[in-house]
Amino acid sequence: MRQFGARIPAIGTPMTIHGIALLHDSTTNKSTAFTQQERDAEGLTGLLPSAIETLDAQLKRCLWQLDKKDSDIERYIYLMQLSDDNQTLFFKVVASDPARFIPIMYDPTIAAACLEFGEIYRKPNGIYMSIAQRGKVKDVLSNWPEKDVRVICVSTGGRILGLGDIGANGMGIPIGKLQLYTACAGVPPGGLLPVLLDCGTENEKLRADPFYLGLRQKRASTADLDSFFEEFVEAVQQLYPKCCLHFEDWKGTDAERLLKKYTNRICCYNDDIQGTGSVVLAGVYNALKITKGKLEDQRVLFFGAGSAAIGIANTLVAAMELEGLSEAAARERISLFDLDGLIEPLRTRLTPDQQRYVHPHAPTKKILEAIASIKPTILIGVSTVGGAFAKDVVEAMTKLNPRPIIFALSNPTDKAECTAEQAYAWSEGKAAFAGGVQFPPVKLNGKTYRPGQANNFYIYPAMGLAIFATEAKRAPDALFVEAAKALAAQVDHDGLAKGMLFPPQKDILAVEVKTAVAVANKVFELGLARVDKPADVAAWVQSLLYKPQYAEPAIGRH
Ligand code: NAI
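As the structure is a computational prediction, the values presented were derived from the model and not from experiment. Along each chain, residue indices are assigned from 1 in the same order as the chain's sequence is written. Reporting of local features is limited, given that this is a predicted model, to residues whose pLDDT is at least 70; pairs of side-chain atoms are given and counted only at 80 or more, and all residues count toward the totals for whole chains, interfaces and linings. Think of the side-chain values as coming from all heavy atoms in the structure, minus any hydrogens and water.

This part is about the overall build of the protein. Looking only at helices and strands, the protein has 25 helices and 14 strands in total. The C-alpha atoms of the protein give a radius of gyration of 24 Å, which matches the 24 Å a tight globule of 558 residues would have. Reported as C-alpha extents along the three principal axes, the dimensions of the protein are approximately 80 × 60 × 50 Å. Evaluated residue by residue, the protein yields a buried proportion of 58% over its 558 residues. Pairs at least 24 apart in sequence give 72% of the contacts found in the protein among residues at least 6 apart. For the accessible areas, the method is Shrake-Rupley and the probe is 1.4 Å, while residue cover comes only from the protein chains on display. Carbon and sulfur atoms provide 53% of the accessible area of the protein, an area that totals close to 22,600 Å². Under the counting rule used here, the positive set is Lys and Arg, the negative set is Asp and Glu, and His together with the chain ends is not counted. Where a charge sits is defined by one atom per residue type, namely NZ (Lys), CZ (Arg), CG (Asp) or CD (Glu). Counting 62 positive and 63 negative side-chain charges, the protein places the centres of these two groups 2 Å from one another. Here a strand is any run of E in DSSP of at least two residues, a helix any run of H or I of at least four, and the numbering for each starts at the N terminus. With the radius of gyration taken over C-alpha atoms, the globule rule is written as 2.2 Å times the number of residues to the power 0.38. We call a residue buried when its accessible area falls under 20% of the maximum for its residue type, exposed when it is over 50%, and partly exposed in between, using a 1.4 Å probe and counting protein chains only. Only heavy atoms matter for contacts: two residues are in contact if any of them lie within 4.5 Å across the pair.

This is the structure we're talking about:
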């Protein structure tokens, strides 16, 4: 059986394929960096131009070619092609400037890439498991060539970003998310598997699209989805017993139900729920350093009560419990407001998760009324309603609090409840602000503010690295609270003074590895690891990282 990540030859190990096949396998291809000796020994002479280049010279060419592209979607297509051709060079390019490339590989460019998935499709890059394969799920999964898969990012395409149900076109998301595991946290790519569970789509326009690549049928019933997923989980357990399932962009109700069903049974987590909760908690921890408040004293009002709100609320409750509050007392500090107004006892058609946050209050459909009576210290927008935090909302928060905490997390930018500039201007620079998108720096009264982006990419790659290293049996909320604390601790005093709630994206790899070390320690502490604890956890995690560099020549040893 192949060892983990064995398709990437470790430095000095023999190459197992020969000749042009070496150029066609993205994990062995060095392209113009093959030495003359290697070219002679591996039957590559004449298959490459004469020049022999270093990885750095190849990087320069890629950056030059990327600069020539007219749009980010073209840069995305270029990068995906590069990833298919030469994995090392692809990760080298991304590592050269993460703050520049993350938004191209992922949010916001990925939204356009998913919408055009059928048009720009080149290679499958993962497993497409159709519900028509029920009864044969294990056989289909066995077709994947790697035998030691450690993280599967699995989506049904049921609710992709703000795009809704886009069926099989959603595959761009698991592919992109897993690339960030490696790019942001050094998780070896050989053990990462993107999976799209194709259960049909309610999107009629897509079903009629000649380029659509998924099943052209309506979505399966909940019962059918659940039994299909159960078979999938069983197959994963049998084929890849060390594997963690990362749920991504499922329809909200499916996401909540299945996370509850499996969280105590297998190693799994839902990034939209727990990853979001964790990154926002990190932002709250740092905002509290600015406002000099304590978490257990806060009153939090959510504008929007969907899966993001529930995930953040549940993580805040878990964190408050760790500070000594009872669960009931923690829940009392959190109120939800949605399309139908404040969630209060007379509201009907609430999900079980929403019901946990019902508190005595008169019905109201006006956010200003809710703010006036609840007196929140923290206002979090996860509503998808652009501009919902108008001037009067920010002013009301500023009147109630010397330093209001205002997070406008909906994205893309036109969906943000307010911009960073508005939050700072309308609060006269008092707001501790985070956005769901990266807003540019804001100049106000001679001071420059650097608004943070509460993006999950600060958390889930680190979580993946910690789980990969420790072979964790479960991924409970306590790990996400630990990740939030470790992330928050990496913003220094100067950063906080500029309003930064998250570390700079340019340092992402170092930040995530530090976070992963903290989470790995927590996994050991909770007795959830399947490996023995090493003496130096930080050095051990470092030693496991994937590095974008070519294997040294292993001439004539195959
Ligand atoms: P969702 O569709 O599950 O929930 C949206 C919620 O907003 C629903 O409760 C709905 O009733 C409420 N809503 C809609 N219109 C409203 C109105 N006019 N007034 C009050 N409430 C209204 O969506 P989900 O997954 O919860 O995501 C919400 C937003 O948060 C999205 O834009 C998403 O991109 C963003 N998000 C940001 C994250 C981050 O910054 N890290 C992570 C996850 C989501």
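Still to come is the rest of the account.
Turning our eyes to something else, we now look at the nonpolar core. General note: in soluble globular proteins, nonpolar side chains tend to be found buried as a group. Definition used in this section: a nonpolar core is a set of buried Ala, Val, Leu, Ile, Met, Phe, Trp, Tyr and Cys residues joined via side-chain atoms within 4.5 Å. In terms of nonpolar packing, the biggest core is built from 131 residues, with Leu79, Phe302 and Phe407 touching the most fellow members. When residues no more than four places from it in sequence are discounted, the contact partners of Phe407 are Val280, Gly283, Val284, Ala287, Leu379, Ile380, Gly381, Phe389, Ala432, Phe433, Ala434 and Leu501. Core analysis: the second largest hydrophobic core is formed by 33 residues, Val140, Leu193, Cys199 and Cys243 among them.

Only the six-membered ring of Trp is used, alongside the rings of Phe and Tyr, when aromatic pairs are assigned; centres must lie within 6.5 Å, and planes under 30 degrees apart are stacked while those over 60 apart are edge-to-face, with the rest tilted. According to the stated counting rule, one finds 18 aromatic pairs in the structure shown. Each ring, one from Tyr424 and one from Phe433, has its centre 6.0 Å from the other, and the planes form 65°; the classification is edge-to-face. According to the relative accessible area criterion, Tyr424 is buried, its value standing at 0%. By relative accessible area, Phe433 is classed as buried at 0%. With a centroid separation of 5.9 Å and an interplanar angle of 50°, the aromatic rings of Phe524 and Trp540 are classed as tilted. Taken together, the residues Phe524 in helix H24 (residues 508-525) and Trp540 in helix H25 (residues 537-544) connect sequence positions 16 residues apart. The class of Trp540 is buried, set by a relative accessible area of 19%.

This part takes up helix H3 (residues 55-68). Residue pairs three or four apart in sequence face the same way in an α-helix, which turns once every 3.6 residues. What a helix is expected to span follows from its residue count: subtract one and scale by 1.5 Å. Here H3 spans 20 Å end to end across 14 residues, near enough to the 20 Å set by a 1.5 Å rise per residue. The set of residues buried in H3 consists of Leu55, Gln58, Leu59, Cys62 and Leu66. Looking down the long axis of H3, one finds its buried residues gathered within 105° of arc, a one-sided arrangement. H3 presents Lys60, Trp64, Asp67 and Lys68 as exposed residues on the side facing more than 90 degrees away from its buried surface. Of the surrounding elements, those touching the buried residues of H3 are helix H4 (72-85), helix H5 (87-96) and helix H6 (98-105). The arc in question is the one traced by the directions running from the helix axis out to the C-beta atoms.

Now for the site of the ligand. Inspection of the region around the ligand gives 20 residues, with Arg159, Ala305, Ala308, Ala454 and Asn456 positioned closest. Identification of polar contacts relies on pairs of N or O atoms within 3.5 Å, with a donor-acceptor requirement for protein atoms, meaning one able to donate a hydrogen and the other able to accept it, and with residues adjacent in sequence counted only if both atoms are side-chain atoms. At 2.8 Å, a backbone N or O of Ala305 approaches an oxygen atom of the ligand. Take Gly306: an N or O atom from its main chain is 3.1 Å from an oxygen atom of the ligand. Protein chains bury 80% of the 860 Å² of accessible surface belonging to the ligand in isolation. Side-chain classes follow a simple rule in which Ala, Val, Leu, Ile, Met, Phe, Trp, Tyr, Cys and Pro form the nonpolar group, Asp, Glu, Lys and Arg form the charged group, and the remainder, Gly included, forms the polar group. Taken together, the residues that form the shell around the ligand break down as eight nonpolar, ten polar and two charged. Whether a residue is near a molecule or strand is decided by its heavy atoms; if any one of them lies within 4 Å of it, the residue is near.

Boundary definitions for the domains trace back to an automatic or database domain assignment. With domains assigned, the protein is organised as domain 1 (104-266) and domain 2 (274-457). If you average the C-alpha positions of domain 1 and of domain 2, the two centres end up 30 Å apart. Across the boundary between the two partners, domain 1 contributes eight residues, which contact eight residues of domain 2. Put simply, buried area is how much 1.4 Å-probe accessible surface two parts lose in total, over both of them, once they are put together. Between domain 1 and domain 2 lies a buried interface of about 770 Å² when both sides are counted; carbon and sulfur atoms form 45% of it. Linking domain 1 with domain 2 are one residue pair in polar contact (both at pLDDT 80 or more), by the criterion used here. Mapped by element, the contributors of at least two residues to the side of domain 1 that touches domain 2 are helix H10 (172-185) and helix H13 (252-262). Considering every element that reaches the side of domain 1 that touches domain 2, the biggest residue donor is H13, with four residues. For the side of domain 1 that touches domain 2, a count of residues per class yields two nonpolar, one polar and five charged.

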